Amino acid sequence: MTNVLVKIFAKGFYKVNSGFLMCLFAVFISYCFFINTAGDIKLLSAEQALYYNFIMLVNFVKSPMITILFFTGWLIYTIKSWYYVFGQLYKVQHQFLFYSILSSRKTLQFRSWFYTQFIVSLPFVFYALIAVITGIVFHEYLMALIITLFTPLLISISAFIYVIKLNSLIQNNNSWWMFVLSRRWRKPFFSLFLYYVSDKLKLTYIITKLLSYVVIISVMFSLADVKQDPRVVGLVILGVVIAHSILIYQQHKFELIFLTTSRNFPYSIGNLYFNYLLTYMFLLLPEIIWLFASFTPIMSIGLLLLLLSMVMLFHCILYKIGLAMNNYLPWVLGLFLITFLFILFGLMWLLVPIYFIVSFVIFNMNYYKAEIFV
């Protein structure tokens, strides 16, 4: 982690500010070692000129005003490094830091940031070291102590600010009430898309549910005379799945864009399939409640399995065809016609094992191959 931080922030900072740093230290070196004394330089020997230049360097330690100016310059330099680090944290190519650094304890984060800021501050640290040695040699112990304490203090403050900033970037001060309420809840894998729906897809979810309820009400009332026929409920289930096809597509899009690292999780294919099954069970919870409230327990369980098998087939097809709406819609229409014919001829219960088996096979063969196709 330390090597990554140094490579991204310390080396990057030096690349961006190389011109400024070279100019600053060229002036400093020129002043300390090459400045001429007042009068004719020819009257002074080389040893005398070196002595006077060394006295000027010692004055940096002996003069409180010069030391204050040095501390001020270092503070400005440090603040400049803060702005650089904060700017880099917001860049897309550095978003992986949230998955790596934040998985470590804050003490380890602080240690890595401390070393990174130490590398960033090396020019001033080098001068501080010379100043401390010079102060000890000339018995300026108080100034040497102040410089010694100031150096790790400023670097520690920088590291602490970086730790706080990086950990606070994942917080949203304008979080929706759902996130405020569930902040301390455990969030298993199957629940991630549900939180995404509650935050980003509220309108899509509401429209989907309205379409679903329109399908339920219109089919059940228009065929009220034969509503005991299982085929009527089968048509309702088919309509509900078609109404949720956009949410199914959005779930696949969410997974490919925001959960690419999930393929590295230690989950088996069966476990992943079951997690997606749980996701859709919670997503379809209002319709499931309606099923169990309207039909016998045995009938409700059969209809629930039919509903989930259709949803999982629609979901797993996307792993094969990719994230392309122009390919997805013909598949939705084709599956609708096939399912409609099976229901019409009273064969809808055969769809449960067929759709579960087909969806799992497609899922198993294409999960790790799925890519974003436009």
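An account of the accompanying structure is given in this report. Worth saying up front: this structure is predicted, and the values here are computed from it rather than measured.

1. Description of the overall build of the protein
Inference 1: Check the secondary structure of the protein and you find 18 helices and 0 strands.
Inference 2: Taking all 374 residues of the protein together, 42% fall into the buried category.
Inference 3: Within the protein, contacts between residues at least 6 apart in sequence are counted, and of these 81% link residues at least 24 apart.
Inference 4: Approximately 21,200 Å² of the protein is accessible, and the part contributed by carbon and sulfur atoms is 72%.

2. A word on the packing of aromatic side chains
Two numbers describe a pair of aromatic rings. These are the distance of the centres and the angle of the planes.
Inference 1: Tallied over the entire structure, the rule returns 22 aromatic pairs.
Inference 2: Taking the centre distance of 5.4 Å and the plane angle of 20° together, the rings of Phe190 and Phe282 count as stacked. Residue Phe190 is found in the loop between α9 (177–181) and α10 (192–200), and its partner Phe282 is found in helix α14 (residues 269–283); the two are separated by 92 residues along the sequence.
Inference 3: Taken together, the aromatic side chains of Phe189, Tyr267, Tyr273, Tyr276, Tyr319, Phe360, Phe363, Tyr367 and Tyr368 make up a single cluster linked through ring pairs.

3. Here we look at the side chain of Ser245
Inference 1: For Ser245, the location among the structural elements is in helix α13 (residues 245–258).
Inference 2: A polar side-chain atom of Ser245 sits 2.7 Å from the main-chain carbonyl oxygen of Ile242.
Inference 3: With residues near it in sequence (within four places) discarded, Ser245 still touches Tyr328 and Val332.

4. Some details on the nonpolar core
Inference 1: Grouped together as the largest cluster of nonpolar side chains are 61 residues, with contacts concentrated most on Ile237 and Phe363.
Inference 2: Broken down by element, the residue count for this core peaks at 16 residues, all from helix α16 (residues 297–321).
Inference 3: With near-sequence residues (within four places) excluded, Ile237 lies in contact with Leu291, Leu303, Leu306, Leu307 and Met310.

Calculation criteria
- Residues numbered from 1 in each chain as written.
- Predicted model: local features only at pLDDT ≥ 70, side-chain atom pairs only at ≥ 80, totals over all residues.
- Heavy atoms only, no water.
- Helix = DSSP H or I, 4+ residues; strand = E, 2+ residues; numbered from the N terminus.
- Buried < 20%, exposed > 50% of the residue type's maximum accessible area, 1.4 Å probe, protein only.
- Contact = heavy atoms within 4.5 Å.
- Areas by Shrake-Rupley, 256 points an atom, 1.4 Å probe, with all protein chains shown as cover.
- Phe/Tyr/Trp six-rings, centres within 6.5 Å; stacked < 30°, edge-to-face > 60°.
- Polar contact = N/O pair within 3.5 Å; in protein donor to acceptor, adjacent residues only side chain to side chain.
- Core = buried A, V, L, I, M, F, W, Y, C linked by side-chain atoms within 4.5 Å.

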